[in-house]
Amino acid sequence: MSDKPTSRRRRAAAQDVPQGAAEPAQTEQDLSAYYSREGAGEAGAEPSFAPPIKLDSREPEQDAAQSPVWEGNVYHPREATWADTQRREILSGDVSYQVRDEGVIGKRRVFPWILSAVAALVLLAGAAYLFRDDLSGLLGRLSASPEPSGQLFSAVTTPAPIRGYDEAPAASVSDAARVAITQISGTVEMEIRAVTDAHILTRNLRPDGTYDFYLFTAAEGRLVSYFEGLDAQGMIPQADGCFYVRQAPYLIAPNGSALLRTADIENLIGDTVTLFPLQHGWAVVRGDQSGASNFVNANGQLLSTLWFTRVFPFTGDATLAYVDTGSTAAEDERYLLYVVGSDGTMNRWQASASTQDVVATACGMAYLQSGDLYRLPDTSAPLINSDSVEAYLDCDAVVVRDPVTGKYGLFVHGEQHYDFAYDSIGPVPSDIVWAREECQGANGALGINAVAGADYPQPLSHYFVLEKDGQVEYVALSTNSAYPIALYPEH
């Protein structure tokens, strides 16, 4: 009896495993570098893993002296550099002086000192006489009482930055890893996408326009995982050495295997599930057919015993989620809205007839259909009612428009640092591309922005330009981390 296609493919994959690479999986629960999507074993189906890599026994032609030293790259977020501290020092005008006591001046130094003082007084007197009109006007202006501005801050014009962001230190790889990757890849062209302290992520462009992604160890260049047929951003690094891939098993552990066992969750809800990237310690898990959603951490723990009918991802330390009570007795109270904290806490906010009262959440803020903007977890009163809100997830910054005056203010980490006094606020144009999703409400819109397509590590900070009455001010907003942020599909 002839072997089935699935068995032949598994044996072929096992034979093509390079020495030192991860062994193929033997069971559905033990996912490996040769992870196979469901349905791959059906007759006539294409293999769901990338084509076997050809081993090349030839030594790579390179000059070791010219090869860059690729060493581990660890990102350290720096303190907030958005110039608030500096501008306060400038505005305060505080100057400190150092006083030194040199004792009694010797007799031999008294006479020259007196002559110098007399000469200086004569010069000052002459200058005062020549510029007596200008001095009179200056004294008059200094004695006048200043008019209060009535603003939170005064704009301070600063020089324009050379570029719109501050680059992170360049990533690098060891020579040993480079040689090993070259030997494994053979004629397959590898484009490096990310270099972390433990991994090297590469990709290869396929003829159909999709990409195959390969994950190697940074120390020795050992292949631990690869996936096929993804889009250009189909695999991205996450914190703690993990990776997110836009196909099952979604979250990849540092050793290249599945980070979470989704089978247990699927048995719990009776549905296949999709995982989304980890943010603030939690990933959204959603049933493919039912839409039932929850939050799961890297240890596989669900945030709540309740399953939500609509959730918003953690783009801050708090977010929102709806629970369907299923009750039809009181239609206006069927859905319960909860404020969910990244510490696992849940607090009921309100009941409603639908799940559409909330437009979206971003940077720990919630934007409602009414135009009210709340800073979570505080739901006692809105910060403002606005018709235009722009959130920049990488910097945890929110630009808000006051519909009464038409002026803009800036919030960073939930705190307002610039009053509603500016004609416009936004990132300085550069080669950085911001992906934007617009969430339209009844009385306004929330735009959610995240840097797209930038290599890891992403910039340390982004410069924003604030324009007021024809003058501009530049501030640098530090990023939360060097890891890319993937926008939630509902946005």
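Residues numbered from 1 in each chain as written. Predicted model: local features only at pLDDT ≥ 70, side-chain atom pairs only at ≥ 80, totals over all residues. Heavy atoms only, no water.

Draft legend 1. A look at the overall build of the protein chain. Along its length, the protein chain carries 6 helices and 28 strands. Expressed as a percentage of its 491 residues, the buried residues of the protein chain come to 44%. Sequence separation of at least 24 residues holds for 50% of the intrachain contacts in the protein chain that already meet a minimum separation of 6. Carbon and sulfur atoms make up 51% of the accessible area of the protein chain, which amounts to about 26600 Å² in all. (Helix = DSSP H or I, 4+ residues; strand = E, 2+ residues; numbered from the N terminus. Buried < 20%, exposed > 50% of the residue type's maximum accessible area, 1.4 Å probe, protein only. Contact = heavy atoms within 4.5 Å. Areas by Shrake-Rupley, 256 points an atom, 1.4 Å probe, with all protein chains shown as cover.)

Draft legend 2. Structural context of the sheet that holds strand β8 (residues 251-252). Reading across from one edge, β6-β7-β8 is the order of the 3 strands in this open sheet, with antiparallel pairing throughout. Edge positions in the open sheet fall to β6 (235-237) and β8, since each of these has one partner strand only. Across 3 bridges, the pairing between β6 and strand β7 (residues 243-245) is antiparallel. Looking across to β7, one finds that M235 is bridged to V245. (Pairing = 2+ DSSP bridges.)

Draft legend 3. Geometry of the sheet that holds strand β10 (residues 283-287). Ordered in space as β9-β10-β11, the 3 strands form an open sheet in which the pairing is antiparallel. A single partner strand is all that each edge strand has here, and the edge strands are β9 (273-275) and β11 (293-296). Shown here is a sheet whose adjacent strand axes are inclined to one another by a mean of 25°, direction ignored. In this fold helix α6 (residues 262-269) packs onto β9 and β10, with an angle of close to 135° to the strand it touches most, β9. (Axes fitted to C-alpha atoms, helices over the stretch in contact; angles between N-to-C directions.)

Draft legend 4. Spatial organisation of the nonpolar core. L251, L275, V285, F295 and V311 are the most contacted members of the largest nonpolar core, which has 29 residues in total. Listing elements by their share of this core, those giving two or more residues are β9, β10, β11, β13 (318-324) and β14 (335-341). (Core = buried A, V, L, I, M, F, W, Y, C linked by side-chain atoms within 4.5 Å.)

Draft legend 5. Structural context of the pairing of strand β27 (residues 461-468). Counting buried positions along β27 yields 6 of 8 residues, so the element is predominantly enclosed. With 2 bridges joining them, strand β1 (residues 165-166) and β27 adopt antiparallel strand pairing. Among the inter-strand pairings, D166 is bridged to a residue of β27, identified as S461. Here strand β24 (residues 424-427) pairs with β27 via 4 bridges, running antiparallel. Bridge pairing links P427 to F464 in β27.

Draft legend 6. Region of the structure containing the packing of aromatic side chains. Evaluation of the coordinates by the stated rule reveals 10 aromatic pairs. Positioned above the aromatic ring of Y211, the side-chain terminus of R203 is 4.3 Å from the ring centre. (Phe/Tyr/Trp six-rings, centres within 6.5 Å; stacked < 30°, edge-to-face > 60°. Lys NZ or Arg CZ within 6 Å of the ring centre and 35° of its normal.)

Draft legend 7. Local environment of the pattern of salt bridges. For the structure shown, the criterion picks out 16 salt bridges. Between R206 and E228 there is a salt bridge, and its shortest N-O distance comes to 3.2 Å. With R206 in the loop between β3 (199-205) and β4 (211-217) and E228 in strand β5 (residues 223-230), this pair connects stretches of sequence that are 22 residues apart. As far as burial versus exposure is concerned, R206 and E228 are alike and both buried. Among the ionic pairs, E415 bridges to R375, the shortest N-O distance being 3.9 Å. Residue E415 is located in strand β23 (residues 415-422), and its partner R375 is located in strand β18 (residues 372-375); the two are separated by 40 residues in the primary sequence. According to the relative accessible area criterion, E415 is partly exposed, its value standing at 44%. Here the salt bridges share partners, and the residues they tie into one network are E191, R193, R203 and D455. (Salt bridge = Lys/Arg side-chain N within 4 Å of Asp/Glu carboxyl O.)

Draft legend 8. Just the side chain of D402, in detail. Following the sequence through the fold, D402 ends up in the loop between β21 (397-401) and β22 (408-412). Notably, D402 is buried but unbridged: the nearest opposite-charge side chain belongs to R401, and the N-O separation is 7.2 Å. Among residues more than four places away in sequence, those in contact with D402 are I384, K407 and F420. (Lys, Arg positive; Asp, Glu negative; His and termini not counted.)

Draft legend 9. Structural view of the pairing of strand β16 (residues 358-362). Of all 5 residues making up β16, 5 are buried, and the element is well covered by its neighbours. The pairing of β16 with strand β17 (residues 365-368) spans 4 bridges and is classified as antiparallel. Residue pairing in the sheet places A360 in a bridge with Y367 of β17. If you look at the hairpin formed by β16 and β17, you'll find 2 residues sitting between the two strands, and C363 has a positive phi there, around 55°.

Draft legend 10. Structural detail: unusual backbone geometry. The peptide bond linking A248 to P249 adopts the cis configuration, its omega dihedral lying at 10°. One can find P249 in the loop between β7 and β8. Geometrically, the link from Y456 to P457 is a cis peptide bond, its omega value of -5° lying close to zero. Along the chain, the position of P457 falls in the loop between β26 (445-452) and β27. Despite not being glycine, D240 has its phi angle at roughly 65°, a positive value. In this structure D240 comes out as exposed when scored by relative accessible area, which is 70%. Of note in the backbone geometry, D396 takes a positive phi value of approximately 55° without being a glycine. Assignment of secondary structure puts D396 in the loop between β20 (388-392) and β21.

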